[in-house]
2 protein chains.
Amino acid sequence: MALIVQKFGGTSVGSPERIEQVAEKVAKFRAAGDDVVVVVSAMSGETNRLLGLAKQVCTRPSLREMDVMIATGEQVTIALLAIALNKIGVPAVSFTGAQVPIVTDSEHGKARILSIDETKITAQLNAGKVVIVAGFQGVDEQGNITTLGRGGSDTTAVALAAALKADECQIYTDVDGVYTTDPRVVSRAQRLERITFEEMLEMASLGSKILQLRSVEFAGKYNVPLRVLHSFQEGSGTLITTDDNEDNMEQPIISGIAFNRDEAKLTIRGVPDTPGVAFKILGPISAANIDIDMIVQNVAQDNTTDFTFTVNNVDYDKALDVLQATAKEIGATEVSGTTSIAKVSIVGVGMRSHPGVASRMFEALAKENINIQMISTSEIRVSVVIDEKYVELAVRALHTAFGLDAPEK
Amino acid sequence: MALIVQKFGGTSVGSPERIEQVAEKVAKFRAAGDDVVVVVSAMSGETNRLLGLAKQVCTRPSLREMDVMIATGEQVTIALLAIALNKIGVPAVSFTGAQVPIVTDSEHGKARILSIDETKITAQLNAGKVVIVAGFQGVDEQGNITTLGRGGSDTTAVALAAALKADECQIYTDVDGVYTTDPRVVSRAQRLERITFEEMLEMASLGSKILQLRSVEFAGKYNVPLRVLHSFQEGSGTLITTDDNEDNMEQPIISGIAFNRDEAKLTIRGVPDTPGVAFKILGPISAANIDIDMIVQNVAQDNTTDFTFTVNNVDYDKALDVLQATAKEIGATEVSGTTSIAKVSIVGVGMRSHPGVASRMFEALAKENINIQMISTSEIRVSVVIDEKYVELAVRALHTAFGLDAPEK
């Protein structure tokens, strides 16, 4: 008998019929003897409907009042799910964020959880009830309704699991787990049984958009075992947990291949190489609210240096304008850029104990005649920037080279 | 400078455009220097939409969870109105029933207000803000969301006005006041400048469906001056207040003529006249959850008596079945009934000091050859049951006889 926190997103509760399906799934765990806390999002489309109503009244509505309105979306879902569970003989009770209470700071629309009082939930679990909690919302210390920002229901689930010391936090989605890479690109991609929090963070930030980054960080921080599962299919999903799997000698060095086509590359050449030049170039970019991903600076020649960095595609034009202005100011000779690039990364905690992983990556790409434009590394990741047109080829080659291909059927 | 509580119903806030119109109206009072608390209902149609969602999941949903869901309707409106007021430069803040808090008992779906903590509202008023409160909802002492039952927003407004010792509680509706009778029946019906709580209660219960009965009772009990006004037209409406208008010598004896077509009449004849016979006949009717309105028992003849009573039309068939069973049991000779009746009433506190009002009523009806089937009286009301086909004729004759007709235009 375990305590499980389950989270179902907007699509999983998108209609009364789907809510009844979710109730059936929850009932199965309850029948197996588990205590269950369920976190739900607003029914799909509901949040946008509410936003639309507000926009009709005012294009820049008060954030406090937006939270009052948007929070009703989950409030409807918790009631419907409680009704559906009670109907099939599973006693259930719903709580809004304010009722729990889930106490947050007062940053309306992007509040952070400060504390959770688990008293009421525990009392209801002890009374044999399934407890349903509205995701994505809380209440500040003055009693104002807050929201955690869109998609924040994952965070609610993880925070509840941490507060309740739950055995597992299950996130139900429209995929049946985390894969070694995108199965649409590599047909022999495999579902991972396990992955570490760190790997998941690197995979997620690189484009595997299964889980909210913040909730993975949170789960890692409080060591809450997180499982990604499919809402309406059977299966054990992927368990995201700490790297305590040392008995597993067969653990692969690389867990997955991530890629991202949404980056653009900018280069500034002939920059007089003086101290503080990096800040002079990148400071104005950051000031323009543009996130910089990779940065490469070449060794100086003739007292000048070259700088290359990547930004998100949507910021490319703005970044180019800023960079051209900077170039004029600091006397750089040339500015160039392109959006036709892609980033491909290999991710795995195994590379900590296996040197030479990067060169195996470069070798695999060289075999396919794929030119590497930039390289960046972290402790458990190696990323390269390549021409966008080679992205699928590169991912397939790396998937094979690191032994991730599923057995042929 | 006064403190005014204003209530706007579902139609008045039925769209973003209408909510903006309401905001303009509130802003006018604010500009005139008044402090304003606004109570709003759910946007028209919203409560039914939510009920529909629940019914898709379960035909007999948990009342606690229904309240959680239904309460979102007003929560959306308070946020939209706050956004609309802020947009036109009027600082405003919204509160749900739980946020105020408006504490109720735990009778989900028909909760009663136990107490209101006015601290937060007063603080916001003192800070120069318009305070918007969700009507129709509250929170019980355990923190569960409750609703006061449909239409309960009027009660919320009156209760807030009482708690805040407001100078006036204004109920905005789709009529411009309380009339001497239905203007669709009598074209020369007049809007009343004032009416007493007692008269309004008699008028309302007799079919003038402008205000919730409970809110009028409440307003009378706490002596909250209540004003009925049109949401989108100018005008002073009708003030409902205590009968302290003694300096007004010209006060009419009768304030209005009410009528109701929705009643049915049942008669049981040849009932052996023994003590307790009334209970034997009416007890089973009440036990079947049928409300009885008027009751008339004729003087006994030959040790038998006749009994006639009225019920709502919708209960007629059920009442007839119950009565026939009772007749068999107690040995009554005959049961009959009809739905083709109407009740017409004259209402006015003036009749306390003016005897002979009833006979003036009967005289006016006799002149039109309208037969009276039943009579019932209260201190400030005389009601008669007549054939339904004479209802308009009777109302017009009485309106003229008691001097209520507006001057000819």
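Residues numbered from 1 in each chain as written. Chains lettered and ligands numbered in written order. Predicted model: local features only at pLDDT ≥ 70, side-chain atom pairs only at ≥ 80, totals over all residues.

Digging into the overall build of chain A
A count of helices and strands for chain A gives 12 helices and 20 strands. Relative to the compact-globule value of 22 Å for 409 residues, chain A shows a C-alpha radius of gyration of 24 Å, a close match. For chain A, the spread of C-alpha atoms along the three principal axes comes to 75 × 55 × 30 Å. Out of the 409 residues belonging to chain A, those deemed buried represent 48%. Pairs at least 24 apart in sequence give 74% of the contacts found in chain A among residues at least 6 apart. (Helix = DSSP H or I, 4+ residues; strand = E, 2+ residues; numbered from the N terminus. Rg over C-alpha atoms; globule rule 2.2 N^0.38 Å. Buried ≥ 20, exposed ≤ 12 C-beta atoms within 10 Å, placed from the backbone. Contact = placed C-beta atoms within 7 Å.)

A look at the domain arrangement of chain A
By domain assignment, chain A separates into domain 1 (3–173) and domain 2 (244–409). Placing a centre on the C-alpha atoms of domain 1 of chain A and another on those of domain 2 of chain A gives a separation of 38 Å. (Domains from an automatic or database assignment.)

Let's talk about the nonpolar core
Core analysis: the biggest nonpolar cluster contains 241 residues, and Leu80, Leu81 and Leu160 of chain A together with Leu80, Leu81 and Leu160 of chain B have the highest contact counts within it. Once you skip the residues sitting within four places of it in the chain, Leu160 of chain B turns out to touch Val5, Val37, Val39, Ile116 and Val133 of chain B. (Core = buried A, V, L, I, M, F, W, Y, C linked by C-beta atoms within 7 Å.)

Thoughts on the pairing of strand β19 (residues 374–378) of chain A
Residue and element names in this part refer to chain A. As paired elements, β19 and strand β20 (residues 381–387) share 5 bridges and run antiparallel to each other. Looking at the pairing, Ser376 lines up with Ser383 of β20. Here β19 folds back onto β20, and the loop between the two strands holds 2 residues. (Pairing = 2+ DSSP bridges.)

Some points on the relation of the copies chain B and chain A
Taken together, a rotation about one axis and a shift along it account for how the two chain copies relate. The transformation that overlays chain B on chain A combines an axial shift of 0.2 Å with a rotation of 179°, and the residual RMSD is 0.3 Å. Both copies of the chain, as the preceding transformation shows, are related through a two-fold rotation axis. Of every C-alpha in chain B, the one belonging to Thr72 of chain B sits nearest the axis of rotation, 2.8 Å from it. A share of 100% of the interface residues of chain B reappears at the interface of chain A, consistent with the copies meeting face to face through the same patch. (Least-squares fit on C-alpha atoms with pLDDT ≥ 70 in both.)

A few points about the interface of chain B and chain A
Buried accessible area, meaning the area lost when the parts come together, often serves as the stated size of an interface. Taken together, the contacts link 28 residues of chain B with 29 residues of chain A. When residues of the side of chain B that touches chain A are traced back to their parent elements, those giving at least two are α1 (16–31), α2 (46–57), α3 (63–70) and α4 (72–87) of chain B. In terms of residue count, α4 of chain B provides more of the side of chain B that touches chain A than any other element does, 11 residues in total. The residue inventory of the side of chain B that touches chain A, partitioned by class, reads 17 nonpolar, 8 polar and 3 charged. (Nonpolar A, V, L, I, M, F, W, Y, C, P; charged D, E, K, R; others polar.)

Topic: the sheet that holds strand β15 (residues 292–297) of chain A
Strands pair in a sheet through their backbones, by hydrogen bonds, and they do so in one of two ways: parallel or antiparallel. Residues and elements named next belong to chain A. Taken together, 4 strands build an open sheet; the order of strands is β15-β16-β14-β17 and the sheet is antiparallel. One side of each edge strand has no neighbouring strand; the edge strands of this open sheet are β15 and β17 (334–338). Averaged over neighbouring strand pairs, the angle between their axes works out to 15° when direction is ignored. Strands in contact with helix α9 (residues 277–287) are β14 (263–272), β15 and β16 (304–312); relative to β15, the strand with the most contacts, it is inclined by about 160°. Relative to β14, helix α10 (residues 316–330) is tilted by about 0°, and along the sheet it contacts β14, β16 and β17. (Axes fitted to C-alpha atoms, helices over the stretch in contact; angles between N-to-C directions.)

Quick notes on unusual backbone geometry
Of note, the amide linkage connecting Val100 of chain A to Pro101 of chain A takes the cis form, showing an omega dihedral of -10°. In this structure, Pro101 of chain A sits in the loop between β3 (92–95) and β4 (102–104). Positive phi values are uncommon outside glycine, yet Phe136 of chain B reaches one of about 75°. Since 29 C-beta atoms lie within 10 Å of it, Phe136 of chain B is described here as buried. With phi around 55°, Asn223 of chain B is a residue other than glycine that occupies positive phi space. Mapped onto the secondary structure, Asn223 of chain B falls in the loop between α8 (213–221) and β11 (226–230).

Here we look at the packing of α2 of chain B against α3 of chain B
Packed helix pairs are characterised by how far apart their axes lie and by the angle those axes make with each other. Residue and element names in this part refer to chain B. Between α2 and α3, whose axes approach to 10 Å, the crossing angle comes to 140°. Judged on the interaxial angle alone, α3 and α2 are oblique. At the point where α2 passes α3, the crossing takes the right-handed sense. From α2, Thr47, Leu50 and Ala54 reach across to α3, where they touch Met66, Met69 and Ile70. When grouped by side-chain class, the residues that make up the contact of α2 with α3 number 5 nonpolar, 1 polar and no charged. (Parallel < 35°, antiparallel > 145°, perpendicular 65-115°, else oblique. Left-handed = near helix turned anticlockwise from the far one by under 90°.)

Section: the packing of helix α6 (residues 153–164) of chain B against α8 of chain B
Residues and elements named next belong to chain B. Relative to each other, α6 and α8 sit at 10°, their axes nearing to 8 Å. The angle between α6 and α8 falls in the class roughly parallel. In this structure, α6 contributes Asp154, Thr155, Val158 and Ala159 to the contact, and α8 contributes Arg214, Ser215, Phe218 and Ala219. Of the residues in the contact of α6 with α8, the class split is 4 nonpolar, 2 polar and 2 charged.

Digging into helix α1 (residues 16–31) of chain A
With 16 residues, α1 of chain A should cover 22 Å at 1.5 Å per step; its first-to-last C-alpha distance of 22 Å lies within 8% of that length. Residues Ile19, Val22, Ala23, Lys25, Val26 and Arg30 of chain A constitute the buried set of α1 of chain A. The buried residues of α1 of chain A occupy an angular sector of 165° when the element is viewed end-on, so they sit on one face. Opposite the packed face of α1 of chain A, turned more than 90 degrees from it, sit the exposed residues Glu17, Lys28 and Ala31 of chain A. Buried-residue contacts for α1 of chain A involve β1 (3–8), β2 (35–40), α4 (72–87) and β6 (130–134) of chain A together with α2 of chain B. (Expected span 1.5 Å × (residues − 1). Arc of directions from axis to C-beta.)

Side note on the sheet that holds strand β10 (residues 194–196) of chain A
Residues and elements named next belong to chain A. The strand order β3-β6-β2-β1-β9-β11-β12-β10 describes an open sheet built from 8 strands, whose pairing is mixed. At either margin of the open sheet sits one strand with a lone partner, and together these are β3 and β10. Sheet twist, expressed as the mean angle between neighbouring strand axes with direction ignored, is 20°. For β1 and β2, the ladder comprises 6 bridges, and the chain directions are parallel.

Focus on the confidence of the model for chain A
Summarising the model, chain A shows a mean pLDDT of 91, and 96% of its residues fall at 70 or more. Overall fold confidence for the complex sits at a pTM of 0.83, while the interface term, ipTM, reaches 0.80. (pLDDT = per-residue confidence, 0-100.)

Some remarks on the pairing of strand β13 (residues 256–260) of chain B
Residue and element names in this part refer to chain B. Burial within β13 is extensive, with 5 of its 5 residues counted as buried. Going residue by residue along β13, you find Gly256, Ala258 and Asn260 tucked away on one face and Ile257 and Phe259 tucked away on the opposite face as well. In this structure, β13 lies alongside strand β18 (residues 341–347), joined through 5 bridges in antiparallel fashion. Residue pairing across strands places Asn260 opposite Lys343, the latter belonging to β18.

A few points about the environment of Tyr316 of chain B
Residue and element names in this part refer to chain B. One can find Tyr316 in helix α10 (residues 316–330). Residues Tyr316 and Lys265 lie 51 residues apart in sequence; the distance between their C-alpha atoms is 8.1 Å. Once you skip the residues sitting within four places of it in the chain, Tyr316 turns out to touch Ala264, Val311, Gly337 and Thr339.

Considerations on the environment of Ser255 of chain B
All names here are of chain B. As for its placement among the helices and strands, Ser255 is situated in the loop between β12 (238–241) and β13. Judged by C-beta crowding, with 27 C-beta atoms within 10 Å, Ser255 ranks as buried. Considered as a pair, Ser255 and Pro284 are 29 residues apart in the sequence and their alpha carbons are 37 Å apart. Not counting residues up to four positions away in its chain, the partners in contact with Ser255 are Leu192, Ile195, Glu199, Val347 and Gly348.

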